[in-house]
Amino acid sequence: MPSVLDEIIAGVREDLETRRSALPTARLEAVLAGVAPPLDPLPVFRAAPGVAVIAEVKRRSPSKGHLADIRQPAVLAAAYETGGASAISVLTEQRRFGGSLDDLDAVCTAVRVPVLRKDFTVDPYQVIESRVHGADLVLLIVAGLDDALLRDLHAQTLELGMTPLVEVHSRAELDRAMELHPALVGVNARNLKTLEVDPRTVHDLLPLIPGDVVAVAESGVAGPDDVAAYVRSGARAVLVGEALVTGGRPIEAVRELVAATSAASALERP
C-alpha cells in the first residue's frame, strides 16, 4: 500500500508535468540569467543570537487540514521578518498544502532574509524552478529520493548557488544524508510516511549530527518550550509553521520563539 509520502509525490509529479508542458526546461533555464544571486543562509544561521528561527507560510497540512487563511503571504512573511525570523519557509505544494509558486514569488519580493522553497523536490526541473522564482534554499527529503537522485539534486542545488536543506527522519536516513557532506540537515519529528509526530526523533538524531553541520529541528513545535527543548538537544535552527499561522499574532509569536532560543542557548554555554 502506498504511504502518504508516496501519494503526495505522485501528485507532485503530475502537477510538475503540467508546468513543464507549459514552460519547457530550455525556456525555464533561459530565465536564470536575469535572476539575482541567491542569499547564503548559513552565515545568518550561525550568527543568529540564540538559534535561528525559520518561520513558515503554511495554509494547510495533510494531517490537520485547514490551518489559516493566508490571503497575503508577503504580509505574513514581512511580519515574520519583523519579529526576528532568520529565514522564511514557503510551502509551494498545492494539493495537500494549498501553496503555490505565486506564494514564493510574493514572499521573495517582500523580505530580505533567505527564503526556503518547501516542497517535495523529485526532479531537476523543480530545482531550476526554485531559483527562477527566487528561492535561496531547496528542501530535499531523503525518504522520498533514492541515493542517485538525492546526490544529483543536491549537487544541482549547489551548482545554482542555493543551499540544500537535507531532511531526515531516521538514523538510516541521516547516514544517507551524511554521504553528501551537507552543510544543512533538518530532522523532522513528523514521519511523512504515516504523518505521526514524535519529537523524540529530533532529540535522538540531533546529537548525531556533526558540529560543523547546521542542524535544523522541524515539526512538533507548539510554543517556546518545545523550541527551547530542541535547542538543548543541539538544534542550530528551528523551522516552525503551524504554531505561527494559527495564533493570529505572527510578529509577537516569532519574537517569543527567538527569545526562547536565546535563553536556551545561554544555558548551554559554559
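Residues numbered from 1 in each chain as written. Predicted model: local features only at pLDDT ≥ 70, side-chain atom pairs only at ≥ 80, totals over all residues. Heavy atoms only, no water.

**Q** Honestly, the overall build of the chain in this entry has me stumped. Any pointers?
**A** Per the secondary structure count, the chain includes 12 helices and 10 strands. In terms of overall dimensions, the chain is globule-like: its C-alpha atoms have a radius of gyration of 17 Å, near the 18 Å expected for 270 residues. Structurally, the chain occupies a C-alpha span of about 55 × 40 × 35 Å along its principal axes. Considering only contacts within the chain whose residues lie at least 6 apart along the sequence, 68% involve residues at least 24 apart. With 27 positive and 37 negative side-chain charges, the chain shows a separation of 3 Å between the mean positions of the two kinds. (Helix = DSSP H or I, 4+ residues; strand = E, 2+ residues; numbered from the N terminus. Rg over C-alpha atoms; globule rule 2.2 N^0.38 Å. Contact = heavy atoms within 4.5 Å. Lys, Arg positive; Asp, Glu negative; His and termini not counted. Charge placed at Lys NZ, Arg CZ, Asp CG, Glu CD.)

**Q** Looking at this structure, I do not really get the environment of Leu184. What am I missing?
**A** Here Leu184 lies in strand β8 (residues 184-188). Each C-alpha atom of the pair Leu184 and Val216 lies 7.4 Å from the other, and the pair is 32 residues apart in sequence. Discounting residues that sit within four places of it in the chain, Leu184 has contacts with Leu42, Phe45, Leu137, Thr163, Pro164, Leu165, Val166, Val213, Val214 and Val216.

**Q** Would you mind showing me how to read unusual backbone geometry here?
**A** What is expected of a backbone is that most residues other than glycine have negative phi and most peptide bonds are trans. In this structure, Leu195 takes a positive phi of about 70° despite not being glycine. In this structure, Leu195 sits in the loop between β8 and α9 (199-205). For Ser219, which is not glycine, the phi dihedral falls at a positive 70°. Considering the arrangement of structural elements, one finds Ser219 in the loop between β9 (214-218) and α10 (224-232).

**Q** In this structure, what is going on with the packing of aromatic side chains? I would like to understand it.
**A** The way to describe two aromatic rings as a pair is by their centre distance and the angle between their planes. Enumeration over the complete set of coordinates arrives at one aromatic pair. Taken together, a centroid distance of 6.0 Å and an interplanar angle of 35° make the contact between Phe97 and Phe120 tilted. You can see Phe97 sitting in the loop between β4 (87-91) and α5 (101-110) and its partner Phe120 sitting in the loop between β5 (115-118) and α6 (124-132), a full 23 residues away along the chain. Taken as a pair, Phe97 and Phe120 share a single burial class, namely buried. (Phe/Tyr/Trp six-rings, centres within 6.5 Å; stacked < 30°, edge-to-face > 60°. Buried < 20%, exposed > 50% of the residue type's maximum accessible area, 1.4 Å probe, protein only.)

**Q** Is there a simple way to think about the layout of surface pockets in this case?
**A** Over the atoms, a rolled probe matching the size of one water molecule traces out where space is still vacant. A volume near 440 Å³ is recorded for the largest pocket. Lining the largest pocket are 29 residues, and of these Glu56, Lys58, Lys118, Arg190 and Ser219 sit closest to its centre. Of all the secondary structure elements, the ones that give two or more residues to the lining of the largest pocket are β6 (137-141), β10 (237-240) and α11 (242-245). Class assignment of the residues belonging to the lining of the largest pocket gives a composition of 15 nonpolar, six polar and eight charged. Here the second largest pocket defines a volume of roughly 290 Å³. Residue lining of the second largest pocket: 20 residues in total, with Arg19, Thr92, Gln94, Leu101 and Arg117 positioned closest to the centre. Mapped onto the lining of the second largest pocket, the elements with two or more residues apiece are α1 (4-22), α5 and α6. (1 Å grid on protein atoms, 1.4 Å probe; cavity = no way out; pocket = protein on both sides within 12 Å on 5 of 7 lines; lining within 4 Å. Points joined across faces, edges and corners; volume = space filled by probe spheres on them. Nonpolar A, V, L, I, M, F, W, Y, C, P; charged D, E, K, R; others polar.)

**Q** Sorry, what's going on with the pattern of salt bridges here?
**A** Two side chains that carry opposite charge are able to pair once their charged atoms sit near each other. Under the definition given, this model contains 15 salt bridges. With a shortest N-O distance of 3.5 Å, Asp119 and Arg117 are connected by a salt bridge. Take Asp119: its relative accessible area is 5%, and that puts it in the buried class. A residue is classified by how much of its surface remains accessible, and Arg117, at 3% relative accessible area, is buried. Its salt-bridge partner being Arg200, residue Asp198 comes within 3.0 Å of it at the nearest N-O pair. Asp198 sits in the partly exposed class, given a relative accessible area of 26%. Given the relative accessible area of 59%, Arg200 is considered exposed. Salt bridges sharing partners connect three or more residues here, namely Arg19, Arg117, Asp119 and Glu129. (Salt bridge = Lys/Arg side-chain N within 4 Å of Asp/Glu carboxyl O.)

**Q** Just to check I follow, could you spell out α10 for this structure?
**A** Turning to α10, its buried residues number three or more, namely Val227, Ala228, Ala229, Tyr230 and Val231. In the stretch just after α10, Gly234 is the one whose phi turns positive, near 120°.

**Q** Even after reading the chapter, I still don't get the environment of Arg96, so can you show me in this structure?
**A** Note that Arg96 resides in the loop between β4 and α5. Sequence-wise, Arg96 and Val4 are 92 residues apart; in three dimensions their C-alpha atoms are separated by 11 Å. Ignoring any residue separated from it by four or fewer positions in sequence, one finds Arg96 in contact with Val4, Glu7, Ile8, Arg60, Ser61 and Pro62. Engagement of the side chain of Arg96 in a polar contact is seen with the side chain of Glu7, the distance being 3.4 Å. (Polar contact = N/O pair within 3.5 Å; in protein donor to acceptor, adjacent residues only side chain to side chain.)

**Q** Whenever I open this one, the packing of α6 against helix α7 (residues 147-159) confuses me. Can you help?
**A** In helix packing, the relevant descriptors are the interaxial angle and the interaxial distance, both defined with respect to the helix axes. Interaxial distance between α6 and α7 falls to 10 Å at its minimum, and their mutual angle equals 25°. Considered as vectors, α6 and α7 are oriented roughly parallel to each other. Remark: the crossing between α6 and α7 carries right-handed chirality. Every residue of α7 that contacts α6 at Pro124, Val127 and Ile128 is listed here: Leu153, Gln156 and Thr157. Of the residues in the contact of α6 with α7, the class split is four nonpolar, two polar and no charged. (Axes fitted to C-alpha atoms, helices over the stretch in contact; angles between N-to-C directions. Parallel < 35°, antiparallel > 145°, perpendicular 65-115°, else oblique. Left-handed = near helix turned anticlockwise from the far one by under 90°.)

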